[in-house]
Structures are given as structure tokens and as C-alpha cells.
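Chains, contacts and geometry: an overview
The residues making up each chain are set out below.
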Amino acid sequence: MNAIRSLMNPAAAVLGCVLLAAGCGALPDKPTRATLYDFGPGLAAPAAAAPSSAAPLPTLALAEFDSNTRLDGTQILYRLGYADANELRPYGQSRWSLPPAQLLRQRLSDTLAERRTVLGPAESATISRSKGEVPDMLRISLDEFSQYFDSASASVGLVRLRATLVRSTAGGDRVLGQRVFTVRRPAPSADAPGGVKALIAASDAAVAEVVQWVGQLQQQSPQAPR
């Protein structure tokens with residue numbers, strides 16, 4: 001009977017509601033969704049763009065990019081050069097929309113396509129079988145793609161890639177040239193958004209250098225007609 005009276009007591013009912021509300025407030029919040037970044041809509045004209053009157057360049061095949069295992073994911077990575085430059089650290093709530101190698105390959109392909117036809121490996125193989133024409137193949141290995149902190153407040157976007165231009169001949173494949181491109185661009189802020197801006201700027205600069213380098217190699221070694 002006493003138990004029934006306590007349940008019917010308004011004060012007890014109020015206390016029960018308070019305790020229930022406190023319990024609900026202790027429940028964990030929903031996980032925060034990570035912020036996604038890419039290279040933008042591509043509306044700005046790349047620095048490597050040539051005048052519209054320039055003659056088109058030879059067709060080029062662009063291989064899928066190689067990259068080390070750590071760059072296969074979508075994490076935005078940084079290094080603390082002033083503490084331990086050998087450790088790659090990820091930002092917790094910021095991600096690339098695609099792995100960096102895919103974003104960079106698309107940027108390079110779009111820039112190259114302004115003055116030439118750019119084919120993927122499968123398309124190049126199809127043309128080779130049907131027409132007997134084998135375009136030069138550009139291979140890229142992405143070795144570094146991180147925000148590098150020289151100090152707690154100063155950082156850069158660091159991009160390093162290795163480019164190899166290969167030509168298929170009757171006697172086998174021939175390397176026309178190989179070069180390592182290392183580009184640093186300052187970050188406007190010491191955080192993930194600043195790192196993203198710096199890495200995009202460094203990527204665009206690296207793309208411009210690669211495009212110019214490929215054009216010079218092909219000009220020095222024009223492909224003989226078959």
C-alpha cells in the first residue's frame with residue numbers, strides 16, 4: 001500500500017520525470033559527419049592552358065596513377081616536420097571525396113585534354129588493335145600528398161610525383177623521359193581547410209609542369225607515322 005501511495009505522489013512523479021530527462025541527456029550525440037573536399041568544379045582556367053588557336057597535340061594515353069598504400073584512402077594527411085616528419089597523421093573530421101590519386105589524375109586529364117585527345121589504358125588498347133596506332137603512354141606515381149607543418153603555425157601543401165613517358169615501338173617500349181616533380185604551396189591556415197587549399201594549389205602547379213614537360217619531350221622526339 002505504501003508503494004502505491006508513493007507512485008501516486010505528485011512530487012515523486014515530478015522527480016521521476018527529472019531523472020528520466022537527465023538520463024536522456026546523457027545519451028551520446030549522433031556521430032558528426034566528416035567534411036568532404038574535392039578539387040572544385042574546374043571553372044578556373046588552368047595556368048597551362050594554351051591559346052585556342054594553338055595546334056592540337058598528338059593523342060596521349062594516361063595510365064591509372066600508382067600511389068603508396070597510405071594514399072589509397074580518402075583521409076587528409078599531414079606531417080609535423082618540427083616534431084616527427086616521418087609520421088603521417090590524418091585529420092579526424094575531414095576527408096577527400098575520392099583518393100588523392102584519382103582527384104589528381106582527373107585534374108591532369110582535364111588539363112591535357114585542352115589541346116589533345118586523352119585516352120585511358122583500355123581505350124588506347126582498343127585503338128591499337130583496330131587502327132594499329134599506339135599513342136605515347138604517360139605513367140604517374142604519386143609519392144607524397146600531405147600538409148607539411150614547418151612549425152605549429154606555418155604549413156605547406158606538399159605534392160611529389162614521378163612521371164614517365166613511354167613510347168611503344170616495333171622493338172618494344174622505350175622510355176622517352178622520366179622526372180620527379182616536387183611542389184610546395186603555402187597554406188592560408190594551419191588546419192584541414194588550409195591544407196586542402198594548399199594541396200590543390202600545389203597539384204595545379206605540378207600538373208602545369210607535367211603538361212609542359214610532356215609537350216617538350218614529344219616535340220624533341222616526334223612519333224614517326226606508321
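Below is a short write-up of the structure. Remember, it's a predicted structure, so these values are computed and weren't measured experimentally.

The next thing to look at is empty space enclosed by the protein. For the structure on display, the rule yields one cavity of 30 Å³ or more. Quantified by volume, the largest cavity comes out at close to 40 Å³. Lining of the largest cavity is provided by Phe65, Leu104, Leu108, Ile140, Leu161, Val207 and Val210. When contributions to the lining of the largest cavity are tallied by element, the ones reaching two or more residues are helix H3 (100–112) and helix H5 (192–220).

Moving on, we get to the pattern of salt bridges. In total, this model carries eight salt bridges according to the counting rule given. One salt bridge connects Asp143 with Arg162, and the closest N-O pair in it is separated by 3.4 Å. Of this pair, Asp143 sits in strand E7 (residues 136–149) while Arg162 sits in strand E8 (residues 155–169), and the two are 19 residues apart along the sequence. Of the residues examined, Asp143 reaches a relative accessible area of 23% and is grouped as partly exposed. The residue Glu209 makes a salt bridge to Arg179 at a minimum N-O spacing of 3.8 Å. With Glu209 in helix H5 and Arg179 in strand E9 (residues 172–186), this residue pair connects regions lying 30 residues apart in the sequence. Judged by relative accessible area, Glu209 falls into the partly exposed class, the value being 28%.

Cut-offs applied
Residues numbered from 1 in each chain as written. Predicted model: local features only at pLDDT ≥ 70, side-chain atom pairs only at ≥ 80, totals over all residues. Heavy atoms only, no water. 1 Å grid on protein atoms, 1.4 Å probe; cavity = no way out; pocket = protein on both sides within 12 Å on 5 of 7 lines; lining within 4 Å. Points joined across faces, edges and corners; volume = space filled by probe spheres on them. Helix = DSSP H or I, 4+ residues; strand = E, 2+ residues; numbered from the N terminus. Salt bridge = Lys/Arg side-chain N within 4 Å of Asp/Glu carboxyl O. Buried < 20%, exposed > 50% of the residue type's maximum accessible area, 1.4 Å probe, protein only.

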